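A look at the structure
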Amino acid sequence: MATTKLLTDAEVERIPAVKAVFDDIRATRKSDFVNNFWRGLANDPASLKRVWEQLKTVMVTDSAIDPLTKEMIYIAVSTANGCSYCIHSHTAAARAKGMTDAQHGELVSIIGLAGQTNHLVTAMQIPLDPQFEVK
């Protein structure tokens, strides 16, 4: 259960700043669907706009990293942070961008391995190799 109200489309229509962001979400995604994350964040129109603009800049704008890889990175970070909502949301986005079952299986293996080795290095307090330092 949400800890904040999820704004309905009727409520959004009465808040011009929120409506503008929702319209942009729909246009950018070429879909009428606006997911619950944005509906919850819409309680704070300034945060809604700021986070949406950040997301567009990082996830939508053409860059050196392709869109599918961005979504897979988002899944990995969301897993590390324990955010079930984002894992599901970005897995759906990655699948929509072409992620196969084989790629998802590999991704989950990499996430699991990285988590394991990160914990082992932390537990053993292994010092950094000088060759890995940025010079």
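Keep in mind it's a predicted model, so treat the numbers as computed, not measured. (Residues numbered from 1 in each chain as written. Predicted model: local features only at pLDDT ≥ 70, side-chain atom pairs only at ≥ 80, totals over all residues. Heavy atoms only, no water.)

Formed by 13 residues in total, the largest nonpolar core has its most connected members in Val18, Phe22, Ile25, Trp38, Ala42, Leu48 and Trp52. Not counting residues up to four positions away in its chain, the partners in contact with Val18 are Val12, Ala42, Pro45 and Leu48. With seven residues, the next largest nonpolar core counts Met72, Met99, Leu107 and Ile111 among its residues. (Core = buried A, V, L, I, M, F, W, Y, C linked by side-chain atoms within 4.5 Å. Buried < 20%, exposed > 50% of the residue type's maximum accessible area, 1.4 Å probe, protein only. Contact = heavy atoms within 4.5 Å.)

Time to look at the side chain of Lys70. Within the secondary structure, Lys70 sits in helix H5 (residues 67–81). Look past the residues within four positions of Lys70 in its chain and what remains in contact with it is Val58, Met59, Thr61, Ser63 and Ile65. (Helix = DSSP H or I, 4+ residues; strand = E, 2+ residues; numbered from the N terminus.)

With that out of the way, let us pick up the packing of H5 against helix H6 (residues 84–96). Put simply, H5 and H6 touch, their axes get as near as 9 Å, and they point 165 degrees apart. Viewed along their axes, H5 and H6 adopt a mutual orientation that is roughly antiparallel. Pair H5 / H6 crosses with left-handed handedness. Contact with H5, carried on its side by Leu68, Glu71, Tyr74, Ile75, Ser78 and Thr79, involves Cys86, Ile87, His90, Thr91, Ala93 and Ala94 of H6 and no other residues of that element. Residue classes in the contact of H5 with H6 are distributed as seven nonpolar, four polar and one charged. (Axes fitted to C-alpha atoms, helices over the stretch in contact; angles between N-to-C directions. Parallel < 35°, antiparallel > 145°, perpendicular 65-115°, else oblique. Left-handed = near helix turned anticlockwise from the far one by under 90°. Nonpolar A, V, L, I, M, F, W, Y, C, P; charged D, E, K, R; others polar.)

Take the packing of aromatic side chains next. Per the counting criterion, the structure on display carries two aromatic pairs. Aromatic pair Phe37 and Trp38: ring centres 4.8 Å apart, planes at 75 degrees, arrangement edge-to-face. (Phe/Tyr/Trp six-rings, centres within 6.5 Å; stacked < 30°, edge-to-face > 60°.)

Here the UniProt feature "domain: Carboxymuconolactone decarboxylase-like" (unreviewed entry) sits at residues 48–126. When the span residues 48–126 is considered, its composition is 82% helix and 0% strand, and the gap between its end C-alpha atoms is 41 Å. (UniProt positions renumbered as here; feature names shortened; annotations may be inferred.)

Let us look at the environment of Trp52. Locating Trp52 in the fold gives a position in helix H4 (residues 45–60). Taking C-alpha positions, Trp52 is 20 Å from Ala2, a pair spaced 50 residues apart along the chain. With sequence-adjacent residues up to four places away left out, Trp52 is seen in contact with Val21, Asp24, Ile25, Thr28, Arg29 and Trp38.

Turning next to the pattern of salt bridges. Enumeration according to the criterion identifies eight salt bridges in this entry. One salt bridge connects Arg26 with Asp9, and the closest N-O pair in it is separated by 2.9 Å. A residue pair is termed long-range when its members are at least 10 positions apart, and Arg26 in helix H2 (residues 16–29) and Asp9 in helix H1 (residues 9–13) qualify at 17 residues. With a shortest N-O distance of 2.8 Å, Lys19 and Asp23 are connected by a salt bridge. Of this pair, Lys19 and Asp23 both sit in helix H2, four residues apart, roughly one helical turn. (Salt bridge = Lys/Arg side-chain N within 4 Å of Asp/Glu carboxyl O.)

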